[in-house]
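Report on the structure
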Amino acid sequence: CTLCENGNENFCQCAKNTGYDVDGAWADYMRFNAKFAVHIPSALSSIQAAPILCAGLTAFTALRKSNVKAGEWVLITGMCSV
């Protein structure tokens, strides 16, 4: 669709999300489009890798699309538990 072709897959009305629309989030193996994959080095702990997953990507995408400029302030709310 147009949204997917323009890099806005997260707004696609036809998207099927693993663990929500499609079973398999807890599987040992799964197939997916490599475009949406990221390699997490084995040297990173789960705590170190967490910011690059869903919550981190959500915050990053919001910043990227906000057109914030260097020197401007942003506020990112959330919770961190260690």
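Residues numbered from 1 in each chain as written. Predicted model: local features only at pLDDT ≥ 70, side-chain atom pairs only at ≥ 80, totals over all residues. Heavy atoms only, no water.

1. Notes on the overall build of the protein chain
The cut-off we apply is this: Each helix is a run of H or I in the DSSP string that is no shorter than four residues. Each strand is a run of E no shorter than two, and both are numbered from the N terminus. Exposed residues in this analysis have more than 50% of their type's maximum accessible area, buried residues have under 20%, and partly exposed residues fall in between, with area computed by a 1.4 Å probe over protein chains only. Surface exposure here means Shrake-Rupley accessible area, sampled with a 1.4 Å probe, where a residue is shielded only by the protein chains that are shown.
Within the protein chain, the regular secondary structure consists of three helices and zero strands. Mapped from its N terminus to its C terminus, the protein chain presents α and β elements in the order α-α-α. Put simply, the protein chain has 82 residues, and 6% of those count as buried. Accessible area for the protein chain stands at about 7800 Å²; split by element, carbon and sulfur atoms hold 59% of it.

2. Digging into the side chain of N8
Going by this rule: Polar contact is defined as a pair of N or O atoms within 3.5 Å, subject to the rule that within protein one atom must be able to donate a hydrogen and the other to accept it, and that residues adjacent in sequence are counted only when both atoms are side-chain atoms. Two residues form a contact once any of their heavy atoms are found within 4.5 Å.
By the secondary structure assignment, N8 is in the loop between α1 (2-5) and α2 (46-49). Among the polar contacts made by the side chain of N8, one reaches the side chain of K65 at a distance of 2.5 Å. Dropping the residues within four chain positions of it, N8 is found in contact with L3 and K65.

3. A word on the confidence of the model for the protein chain
To keep things clear, this is the line we draw: pLDDT expresses, on a scale from 0 to 100, how confident the predictor is about each individual residue.
Summarising the model, the protein chain shows a mean pLDDT of 79, and 84% of its residues fall at 70 or more. Predicted confidence in the protein chain is weakest over helix α3 (residues 54-66), with a mean pLDDT of 76, and strongest over α1, with 89.

4. A word on a nonpolar patch on the surface
Short version of the rule: Patch membership is restricted to residues that have no salt bridge and whose relative accessible area is over 30%. Joining uses 9 Å for like charges and 5 Å for the nonpolar side chains Val, Leu, Ile, Met, Phe, Trp and Tyr. In the sections that follow, a salt bridge refers to a side-chain nitrogen of Lys or Arg positioned within 4 Å of a carboxyl oxygen of Asp or Glu.
There is a patch of nonpolar side chains on the surface, built from V38, I40, L44, I52 and L53 and spanning about 390 Å² of accessible area. For L44, the position within the fold is in the loop between α1 and α2. Taking the relative accessible area as the measure of exposure, L44 reaches 35% and is therefore partly exposed.

5. A look at unusual backbone geometry
At N67, a position not held by glycine, the phi torsion is positive, near 60°. Note that N67 resides in the segment after α3. The exposure class of N67 is exposed, given its relative accessible area of 55%.

6. Brief notes about the state of the cysteines
Any covalent bond linking the sulfur atoms of two cysteines counts as a disulfide. Under the convention used in this document: Throughout, disulfides are identified as pairs of cysteine sulfur atoms within 2.5 Å of each other.
Tallied over the entire structure, the rule returns zero disulfides. No disulfide involves C12; its sulfur sits 3.7 Å from the nearest other cysteine sulfur, which is in C4. The buried category is assigned to C12, whose relative accessible area is 13%.

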